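Inside the fold
Residues per chain, in single letters:
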Amino acid sequence: MQIKAILFDIDGTLIDSNDMHVLAWEEAFAGIGEKFDRQIIHDQIGKGTDMLVPTLLPDLDETAQEKLGDAHGTVFKAKFLDEAKPFARAHDLLSHVHGRGQQVVLASSASAAEIDHYLDLLEARELVAASTSGDDVKKTKPAPDIFATALDKLSGIGADEVIVVGDTPYDMQAANKCGIAAVALRSGGFSDDTLWNAGAIEIYDDAAALLAGYANSSLGR
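Described in the following lines is the structure provided in the data block. None of the values given here were measured: they were computed from a predicted structure.

The rules behind the values
- Residues numbered from 1 in each chain as written.
- Predicted model: local features only at pLDDT ≥ 70, side-chain atom pairs only at ≥ 80, totals over all residues.
- Heavy atoms only, no water.
- Phe/Tyr/Trp six-rings, centres within 6.5 Å; stacked < 30°, edge-to-face > 60°.
- Helix = DSSP H or I, 4+ residues; strand = E, 2+ residues; numbered from the N terminus.
- Buried < 20%, exposed > 50% of the residue type's maximum accessible area, 1.4 Å probe, protein only.
- 1 Å grid on protein atoms, 1.4 Å probe; cavity = no way out; pocket = protein on both sides within 12 Å on 5 of 7 lines; lining within 4 Å.
- Points joined across faces, edges and corners; volume = space filled by probe spheres on them.
- Axes fitted to C-alpha atoms, helices over the stretch in contact; angles between N-to-C directions.
- Parallel < 35°, antiparallel > 145°, perpendicular 65-115°, else oblique.
- Left-handed = near helix turned anticlockwise from the far one by under 90°.
- Contact = heavy atoms within 4.5 Å.
- Nonpolar A, V, L, I, M, F, W, Y, C, P; charged D, E, K, R; others polar.
- Lys, Arg positive; Asp, Glu negative; His and termini not counted.
- Salt bridge = Lys/Arg side-chain N within 4 Å of Asp/Glu carboxyl O.
- Polar contact = N/O pair within 3.5 Å; in protein donor to acceptor, adjacent residues only side chain to side chain.

All right, on to the packing of aromatic side chains then. Scanning the entire structure with this criterion turns up 4 aromatic pairs. Seen from their ring centres, Phe76 and Phe80 are 6.2 Å apart, and the 35° between their planes marks the pair as tilted. Of the two residues, Phe76 and Phe80 are both situated in helix α4 (residues 62-80); the distance of 4 residues between them amounts to about one turn of the helix. For Phe76, a relative accessible area of 0% corresponds to the buried category. Among the aromatic residues, ring-to-ring pairing joins Trp25, Phe29 and Phe36 into one connected group.

Below you can see the structure in the form of structure tokens.
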């Protein structure tokens, strides 16, 4: 089956921002007197507030969860958003996909405002056919909503004609729940075992490595 569209995660996949999100969450937690080891926070990166916060602070009610998520967003925007940079060859990867006639779709737990910022950072406005953010769904990854919503925007394209590219186990799990195969990148800082166990069909170091091996990858074969 020829792959007609690629659903790309953003943070940790196209943009080198995972460690920045860890620091932003650390500051947000500190604001309510909570402290977690950075590795523990990192292991939750890839989830939206609705999934991340209950994992670490299960006793918080929904209002408190949302306030904490807002605090994280405020810190990230103020301190890190303008510092985040694309991974090497990230733009070239998107351009290559587009040039092959495959649709480029951004599907991230990030906010719509962050995705809009990253479109310019990646110089990808002319390359991206559609995007889905955490603002568009009731539940973020590892729930399937983000990828399911993105797939719904691709008229006439089925789950077996799409591949997800992401960096976290939550990308893999969310994709698999939609019946979509997922390729993982190590650039987000998760171990190979974690990515394989979450359902990755292939693993590459980063966007540049995927671009270099595209012809022989599941995306390009």
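Now for the layout of surface pockets. Here the largest pocket defines a volume of roughly 800 Å³. Lining of the largest pocket is provided by 36 residues; of these, Gly48, Thr49, Ser109, Ala110 and Ser111 occupy positions nearest its centre. Every element with two or more residues in the lining of the largest pocket is listed here: α1 (18-30), α3 (49-56), α4 and α6 (112-121).

We now examine the packing of α3 against α4. Packing of α3 against α4 leaves a shortest axis separation of 10 Å and a crossing angle of 110°. Put simply, α3 runs roughly perpendicular to α4. Like other packed secondary-structure pairs, α3 and α4 cross with a definite hand, here right-handed. Contacts between α3 and α4 involve Thr49, Asp50, Val53 and Pro54 from the first element and Gln65, Leu68 and Gly69 from the second. Looking at the contact of α3 with α4 residue by residue, the class counts come to 3 nonpolar, 3 polar and 1 charged.

Right, let's talk about the side chain of Asp11 for a bit. Structurally, Asp11 is set in the loop between β1 (5-8) and β2 (15-16). It turns out Asp11 is buried and unbridged, and the closest side chain with the opposite charge, Lys141, is 8.0 Å from it. A distance of 2.4 Å separates the side chain of Asp11 from the side chain of Ser17, its partner in a polar contact. A distance of 3.5 Å separates the side chain of Asp11 from the side chain of Tyr118, its partner in a polar contact. Discounting chain neighbours no more than four positions away, the residues touching Asp11 are Ser17, Asn18, His21, Ser108, Ala110, Tyr118 and Asp167.

That's the geometry; what it means functionally is another story.
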